[in-house]
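Architecture at a glance
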Amino acid sequence: MEKNDFGILAGIAGFVIALWLGLSMAMQALLVLMAADIATGLLAGGKRGELDSEVSYRGMRKKAMQTILVGLTAYLGSLSVINLPLGEGVAWSFCATEVLSILENADRLGVNLPAPVVSALKRLGGK
């Protein structure tokens, strides 16, 4: 790796870290959970031979819309007239749905989840 390449790579890493540190804890959690959901979804789909780019694309669109909604509500909440952590609440609620999706993917992968969790997933997911 040349010296210039390292400088460019370090600059990109610094930019990403600055963005990451500027995010709220709820948004950081949401992004981590979204990444975990994508990874576990790919693993579960691959195990069952059900990988489908259209399903993946729909999921990515949904996640993009969720991040837009969190950003918009965070902006609206930060207005001096309102000054409420609206974005935090929206992000945490989306975190809950991501956790449910990760648990569903774990179940599809054959992970032995506790019976109350499986029962709750069936009730919540209608499966």
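You'll find the structure just up there.
Below is a summary of the structure that appears in this document. (Residues numbered from 1 in each chain as written. Predicted model: local features only at pLDDT ≥ 70, side-chain atom pairs only at ≥ 80, totals over all residues. Heavy atoms only, no water.)

1. Here we look at a nonpolar patch on the surface
Side chains of Y75, L76, L79, V81, I82, L84 and L86 sit close together on the surface and give an oily, nonpolar patch of about 670 Å² of accessible area. Inspection of the secondary structure puts L84 in the loop between α3 (53-78) and α4 (86-108). (Patch = residues over 30% accessible without salt bridge, like charges linked within 9 Å, V, L, I, M, F, W, Y side chains within 5 Å. Areas by Shrake-Rupley, 256 points an atom, 1.4 Å probe, with all protein chains shown as cover. Salt bridge = Lys/Arg side-chain N within 4 Å of Asp/Glu carboxyl O. Helix = DSSP H or I, 4+ residues; strand = E, 2+ residues; numbered from the N terminus.)

2. Quick notes on the pattern of salt bridges
Inspection of the entire model under this criterion finds 2 salt bridges. With a shortest N-O distance of 2.7 Å, K63 and D37 are connected by a salt bridge. Of this pair, K63 sits in helix α3 while D37 sits in helix α2 (residues 25-48), placing them 26 residues apart in sequence. With respect to class, K63 is no different from D37; both count as buried. Notably, a salt bridge pairs E98 with K63, separated by 3.0 Å at the nearest N-O pair. Separated by 35 residues along the polypeptide, E98 in helix α4 and K63 in helix α3 bring together distant segments of the chain. (Buried < 20%, exposed > 50% of the residue type's maximum accessible area, 1.4 Å probe, protein only.)

3. Side note on the nonpolar core
Core analysis: the largest hydrophobic core is formed by 8 residues, namely A26, M27, L30, M34, V70, A91, F94 and C95. Mapped onto this core, the elements with two or more residues apiece are α2 and α4. By residue number, the principal contributor to this core is α2, which donates 4 residues. Once you skip the residues sitting within four places of it in the chain, M27 turns out to touch T67, V70 and A91. (Core = buried A, V, L, I, M, F, W, Y, C linked by side-chain atoms within 4.5 Å. Contact = heavy atoms within 4.5 Å.)

Geometric descriptors of this kind do not, in isolation, establish any biological role.
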